[in-house]
Amino acid sequence: MTIKWDARFSVGHSTIDTEHKLLLTTINALEMALRHPEDKEPLLFFMEQLHDFAMAHFRHEEALQLKFLYPFREENATGHEVLEAELTQIRDDVRKICKKTILSTEDMATLHKHISYIAKDWLMVHLLKEDSKMKGFMGDE
Ligand SMILES: [Fe+2]
């Protein structure tokens, strides 16, 4: 299922919105790559990209929150820690599975479960539960 950008995802800061769009696009690419599991290279590539983009985005967001003295920045940083740990665990699982020559039914189920979790829960927790609170606090660049 392709996720489309939606106005309710906007936090009212153009750079953060652009970074969120990049996360969303990378997750869509990851889902597309999973449709062709016989070629594990794109799957692994987009997984690594998502992990790296997310870590860079969280640090950038935290720096901007400090700049604008965002009142909920500690709560947001705690949320980032949880999301980081989850994404790193998933990235490590995907790496391990992609090292195998032939993927079992169980491996495929694990990949689908992980990618679906990232798209439906992980991203939505970040965008709608945590970051939507930034609206009105962040100014714009
Ligand atoms: Fe964010």
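Let me sum up the structure you'll find in this document. No experiment lies behind these values; they were computed from the predicted model shown.

Points about the overall build of the protein
At step 1: When helices and strands are tallied, the protein shows four helices and zero strands.
At step 2: Reading the secondary structure of the protein in the N-to-C direction produces α-α-α-α.
At step 3: On C-alpha atoms alone, the protein measures out to a radius of gyration of 16 Å, which is about the 14 Å that the 2.2 N^0.38 rule sets for 141 residues.
At step 4: Viewed in the frame of its principal axes, the protein has a C-alpha envelope of about 50 × 25 × 20 Å.

Observations regarding the packing of helix H3 (residues 73-98) against helix H4 (residues 105-130)
At step 1: Two elements in contact, H3 and H4, have axes separated by 11 Å at closest approach and are oriented at 165°. Relative to H4, the element H3 is oriented roughly antiparallel. Along this stretch, H3 crosses H4, giving a crossing that reads as left-handed. Each of Asn76, Gly79, Leu83, Glu86, Leu87, Ile90, Asp93, Val94 and Ile97 in H3 lies in contact with H4, whose residues at this interface are Asp107, Thr110, Leu111, His114, Ile118, Trp122, Val125, His126 and Glu130.

A short note on H4
At step 1: With 26 residues, H4 ought to run about 38 Å at 1.5 Å a step, and its terminal C-alpha atoms sit 35 Å apart, in line with that.
At step 2: Along its buried surface, H4 packs onto helix H1 (14-34) and H3.

Some points on the nonpolar core
At step 1: If you look at the biggest cluster of nonpolar residues, it comprises 20 residues, and the most contacted ones within it are Leu30 and Leu50.
At step 2: Looking at this core, the elements with two or more residues in it are H1, helix H2 (40-67), H3 and H4.
At step 3: Sequence-distant contacts of leucine 30, that is, excluding residues within four places in its chain, are made with Phe46, Met47, Leu50 and Ile115.

Observations regarding H2
At step 1: If you check H2, its first and last C-alpha atoms are 41 Å apart, about what 28 residues at 1.5 Å a residue would give, namely 40 Å.
At step 2: Listed in full, the buried residues belonging to H2 are Leu43, Phe46, Met47, Leu50, Ala54, Phe58, Glu61 and Gln65.
At step 3: Here the buried face of H2 lies against H1 and H3.
At step 4: Looking at the residues trailing H2, positive phi occurs at leucine 69, about 50°.

What to know about the packing of H1 against H4
At step 1: It is the contact of H1 with H4, at a shortest axis distance of 10 Å, that shows an interaxial angle of 165°. As far as their axial angle goes, H4 and H1 are roughly antiparallel. Note that H1 runs across H4; the crossing there is left-handed. In this structure, H1 uses His20, Leu23, Leu24, Ile27, Leu30, Glu31 and Leu34 to contact H4, whose residues at the interface are Leu111, His112, Ile115, Ile118, Ala119, Leu123 and Leu127.
At step 2: Across the contact of H1 with H4, the residue classes tally to 11 nonpolar, two polar and one charged.

Here is what the cut-offs are and how they apply
What you see as residue numbers is a count from 1 along each chain, following the sequence as written. In view of the model being predicted, local features appear only for residues whose pLDDT reaches at least 70, and side-chain atom pairs are presented and counted only at 80 or more, with totals across whole chains, interfaces and linings using the full set of residues. Secondary structure follows DSSP: runs of H or I at least 4 residues long count as helices, runs of E at least 2 residues long count as strands, and numbering of each begins at the N terminus. This radius of gyration counts C-alpha atoms alone. The globule rule is 2.2 Å times how many residues there are, raised to the power 0.38. Helix axes use the C-alpha atoms of the stretch in contact, all axes being lines fitted to C-alpha atoms, and the angles between their N-to-C directions lie in the range 0 to 180 degrees. Angular relationships are summarised with four words: roughly parallel below 35 degrees, roughly antiparallel beyond 145, roughly perpendicular across 65 to 115, and oblique for the angles in between. Should the near helix be turned anticlockwise from the far one by less than a right angle, the crossing is left-handed, and should it be turned clockwise, the crossing is right-handed. We call two residues in contact when the distance between their C-beta atoms, placed using the backbone, is within 7 Å. The span one expects for a helix is its residue count, reduced by one, times 1.5 Å. In these notes, a nonpolar core means any group of buried Ala, Val, Leu, Ile, Met, Phe, Trp, Tyr and Cys residues linked to one another through C-beta atoms within 7 Å. Buried, partly exposed and exposed are defined by the number of other C-beta atoms within 10 Å of a residue's own C-beta, namely 20 or more, between the two limits, and 12 or fewer respectively, with C-beta atoms placed from the backbone. Note that Gly is not counted as nonpolar here; it falls among the polar residues with everything else outside the nonpolar set of Ala, Val, Leu, Ile, Met, Phe, Trp, Tyr, Cys and Pro and the charged set of Asp, Glu, Lys and Arg.

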